[in-house]
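# Examination of the molecular architecture
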Amino acid sequence: MSSGFVEYLWEGLLVTLQLTVYGAALGLVFAFAAGLARLSGSRLLRGIAFLYTEIFRGFPALVLLFWLIFVIPAFGYQLDPLFAGTLALALNIGAYAAEVVRGAVQSVPSGQTEAAIALNFTPAQRMRKVILPQAVVAMIPPFSNNLIELLKATALVSLVYLPDLTFAGNLIRNATGDTTAVFLGLLVGYGVIALIFTALMRWLERIASRKLGRQVPPGAIARIFKRQSAEPQGV
Amino acid sequence: MDFRWSLVWDSVPTLLDGLVTALIATAFGYVIALVLGLVFALLRRSDSAWIRWPIGFLIEFIRSTPLLVQLFFFFYVLPLIGISVSPLLTGAFALGLHYATYTSEVYRSGIDNVPVGQWEAATALNLSTRRTWTSVILPQAIPRVIPALGNYVIAMFKDTPQLAAITVLEMLGLAMSIGSDTFRYAEPITAMGLFYLIVALVMAWGARIVERKFGTVRA
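Residues numbered from 1 in each chain as written. Chains lettered and ligands numbered in written order. Predicted model: local features only at pLDDT ≥ 70, side-chain atom pairs only at ≥ 80, totals over all residues. Heavy atoms only, no water.

In terms of regular secondary structure, chain B is built from nine helices and zero strands. Taking the principal axes of its C-alpha atoms as reference, chain B extends roughly 75 × 45 × 25 Å. A burial count over chain B gives 49% of its 219 residues as buried. Long-range contacts, defined here as pairs at least 24 residues apart, represent 77% of the contacts in chain B between residues at least 6 apart. Both charge centroids of chain B, one from 15 positive and one from 13 negative side chains, sit 12 Å from each other. (Helix = DSSP H or I, 4+ residues; strand = E, 2+ residues; numbered from the N terminus. Buried < 20%, exposed > 50% of the residue type's maximum accessible area, 1.4 Å probe, protein only. Contact = heavy atoms within 4.5 Å. Lys, Arg positive; Asp, Glu negative; His and termini not counted. Charge placed at Lys NZ, Arg CZ, Asp CG, Glu CD.)

Regarding its fold elements, chain A presents nine helices and zero strands. Expressed as a percentage of the 235 residues in chain A, the buried residues total 45%. By sequence separation, contacts in chain A at least 24 residues apart represent 72% of the contacts at least 6 residues apart. Accessible area for chain A stands at about 11,900 Å²; split by element, carbon and sulfur atoms hold 65% of it. Taken as two groups, the 18 positive and 11 negative side-chain charges of chain A have centres that lie 14 Å from each other. (Areas by Shrake-Rupley, 256 points an atom, 1.4 Å probe, with all protein chains shown as cover.)

Before going further, it helps to examine the pattern of salt bridges. Following the criterion strictly, the structure yields eleven salt bridges over all chains and no others. For Arg38 of chain A, the salt bridge is made with Glu99 of chain A, and the minimal N-O distance between the two is 2.9 Å. Here the residue Arg38 of chain A occupies a position in the loop between helix H1 (3-37) and helix H2 (43-57), and Glu99 of chain A occupies one in helix H4 (residues 81-107), the gap between them amounting to 61 residues. Of the two residues, Arg38 of chain A and Glu99 of chain A, both sit in the buried class. Across the pair Glu60 of chain B and Arg44 of chain B runs a salt bridge, and its minimum N-O distance is 4.0 Å. Placement of the pair is Glu60 of chain B in helix H3 (residues 49-63) and Arg44 of chain B in the loop between helix H2 (12-43) and H3, with a sequence separation of 16 residues. The exposure class of Glu60 of chain B is buried, given its relative accessible area of 13%. One continuous salt-bridge network, built from bridges that share partners, spans Arg44, Arg45, Glu60, Glu105, Arg108 and Asp112 of chain B. (Salt bridge = Lys/Arg side-chain N within 4 Å of Asp/Glu carboxyl O.)

In this assembly, 45 residues from chain A lie in contact with 49 residues from chain B. Of the roughly 4,300 Å² buried where chain A meets chain B, counting both sides, 71% is carbon and sulfur surface. Where chain A packs against chain B, one counts zero salt bridges. Inspection of the region where chain A meets chain B yields eight residue pairs in polar contact (both at pLDDT 80 or more). Looking at the side of chain A that touches chain B, the element that brings in the most residues is helix H8 (residues 179-212) of chain A, giving ten residues. (Buried area = accessible area lost by both parts, 1.4 Å probe. Polar contact = N/O pair within 3.5 Å; in protein donor to acceptor, adjacent residues only side chain to side chain.)

Next up on the list: the packing of aromatic side chains. Per the stated rule, a full pass over the model turns up 20 aromatic pairs over all chains. The interplanar angle of 90° and the centroid separation of 6.3 Å between the aromatic rings of Tyr161 of chain A and Phe167 of chain A together place this pair among those described as edge-to-face. Each ring, one from Trp119 of chain B and one from Trp133 of chain B, has its centre 5.2 Å from the other, and the planes form 85°; the classification is edge-to-face. Linking Trp119 of chain B in helix H6 (residues 116-124) with Trp133 of chain B in helix H7 (residues 129-159), this pair joins segments that are 14 residues apart in sequence. For Trp119 of chain B, a relative accessible area of 4% puts it in the buried group. Given the relative accessible area of 14%, Trp133 of chain B is considered buried. Of the aromatic side chains, those joined through ring pairs into one cluster are Phe183 of chain A together with Phe72, Phe75 and Tyr76 of chain B. Lying across the ring of Tyr76 of chain B, Arg173 of chain A places its NZ or CZ 3.6 Å from the centre. (Phe/Tyr/Trp six-rings, centres within 6.5 Å; stacked < 30°, edge-to-face > 60°. Lys NZ or Arg CZ within 6 Å of the ring centre and 35° of its normal.)

A separate point is the environment of Phe59 of chain A. Among the structural elements, Phe59 of chain A can be located in the loop between H2 and helix H3 (61-71). Phe59 of chain A sits in the buried class, given a relative accessible area of 9%. For the pair Phe59 of chain A and Leu13 of chain A, spaced 46 residues apart in sequence, the C-alpha to C-alpha distance is 27 Å. What Phe59 of chain A contacts, discounting residues up to four positions off in sequence, is Leu64 and Asn92 of chain A together with Lys158, Gly193 and Leu197 of chain B.

Time to look at the confidence of the model for chain A. Confidence in the prediction of chain A, expressed as mean pLDDT, is 89, and 90% of residues score 70 or more. Mean pLDDT values for the elements of chain A range from 61 in helix H9 (residues 220-225) of chain A up to 95 in H4 of chain A. (pLDDT = per-residue confidence, 0-100.)

Time to look at a nonpolar patch on the surface. All names here are of chain B. Residues Val20, Ile24, Phe28, Leu80, Ile81, Ile83, Val85 and Leu89 make up a contiguous nonpolar surface patch of about 720 Å² in total accessible area. Ranked by the residues each element gives to the nonpolar patch, the list is headed by H2, at three residues. Position of Leu80 relative to the elements: it lies in helix H4 (residues 67-80). (Patch = residues over 30% accessible without salt bridge, like charges linked within 9 Å, V, L, I, M, F, W, Y side chains within 5 Å.)

Let's shift gears to the packing of H1 of chain A against helix H6 (residues 123-153) of chain A. Residue and element names in this part refer to chain A. One can describe the packing of H1 onto H6 by two numbers: an axis separation of 11 Å at closest approach and a directional angle of 140°. On the basis of their axis angle, the class for H1 and H6 is oblique. Classified by chirality, the crossing of H6 by H1 is right-handed. Each of Thr16, Thr20, Gly23, Ala24, Leu28, Phe32 and Leu36 in H1 lies in contact with H6, whose residues at this interface are Met127, Leu132, Met139, Phe143, Leu147, Leu150 and Leu151. Tallied by class, the residues present in the contact of H1 with H6 amount to eleven nonpolar, three polar and no charged. (Axes fitted to C-alpha atoms, helices over the stretch in contact; angles between N-to-C directions. Parallel < 35°, antiparallel > 145°, perpendicular 65-115°, else oblique. Left-handed = near helix turned anticlockwise from the far one by under 90°. Nonpolar A, V, L, I, M, F, W, Y, C, P; charged D, E, K, R; others polar.)

Right, let's get into the packing of helix H5 (residues 110-118) of chain A against H6 of chain A. Geometry of a packed helix pair, given as the angle between the helix axes and the separation of the axes. All names here are of chain A. Contact pair H5 / H6: the axes reach a minimum separation of 10 Å and the direction vectors enclose 160°. Classified by the interaxial angle, the pair formed by H5 and H6 is roughly antiparallel. Crossing angle aside, the handedness with which H5 passes H6 is right-handed. Counting all contacts with H5, which are made through Gln112, Thr113, Ala116 and Ile117, the residues of H6 involved are Arg126, Val130, Ile131 and Gln134. Its residues assigned to classes, the contact of H5 with H6 shows four nonpolar, three polar and one charged.

As structure tokens, then:
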């Protein structure tokens, strides 16, 4: 492979990583806003958050992306493509992750809330100092799945001509005709990035769990090699 | 503002054709995902490590790479190895393979949730391994996971716009071709968005009906 191709791939990789990281950051904001809003006392907030999660979970990320790129200009605005891509991915993944936030907060035992009330904490203090630190630990494993979904979804931006990793791969395929190698290489590349992100999330989970004095169960690598069996041995 | 609602309605008949294509791809892909997912789940419990490890690796690998790249891969590589099928079939196969990795995990959770006593009872009755699976374990495992499997129909349907990238004229492909004919992309894409919302809602409702009907373990 000539050095020009390596440069393409490198730039594509940077765009893919940018989209993943920015998308995750913005998605996290949407997720917490919507997830907590669904648990709020205000009916209006709950309704808005419900609509947000239902609509954006029922809506393909790719269609959302095309809508932001092609329809918004008809209303007189033009979004920067990288921003449109990030926004589409974040709105989509945020809707899924909002349910994770809601579930995790609800899974904190109610005794914790009662204890915080007994200690005369304000609702904000209760959330910040008692509920969230425990809920966040429960959120990390499902967030890890969401992050991989987000990484996979970044490939969609190549269809609106954002030069990400997939786009670079297609360019190289067009130039060399070396189809099998290029796409296998892309798949392995995405697989490796996913593995790195998964490892990072495991590390985060470990830190967060240790702060609560909990143990972390075995991860993805162990899952591959472990024999999964409920069946009694020696049958 | 330059947006004409009349053009949204004009693109509906064309998009309906695309909806049919998308539904065909979803249906084919879903059948593949259901069958292949079960095969994956069973192979992953094989006694031989030589089967377990590669299958486990394959599942994690397919799950963590983009469907779009897999679509491109099959679309360009299948003809090179002498298999020529229509882009729609290629797309349905790639969708099915991608989602088989998800459904296999779902089946796994269903199988793991069958009480150990059921295995022991089957052993006590001297049932063969095959009979144990077909008459005892799977009839209990599968109904448990029907609600979870139902979600994947909707998820797959939501992934069909990606088939446009391999020249399948589903809704996105048709919306873009309307756009290139009329130089107006905003309206057909909006119409397509509304289509997706409506169909996803209908599918969620249908999944709930199926779930209510078949989603309980019969004693």
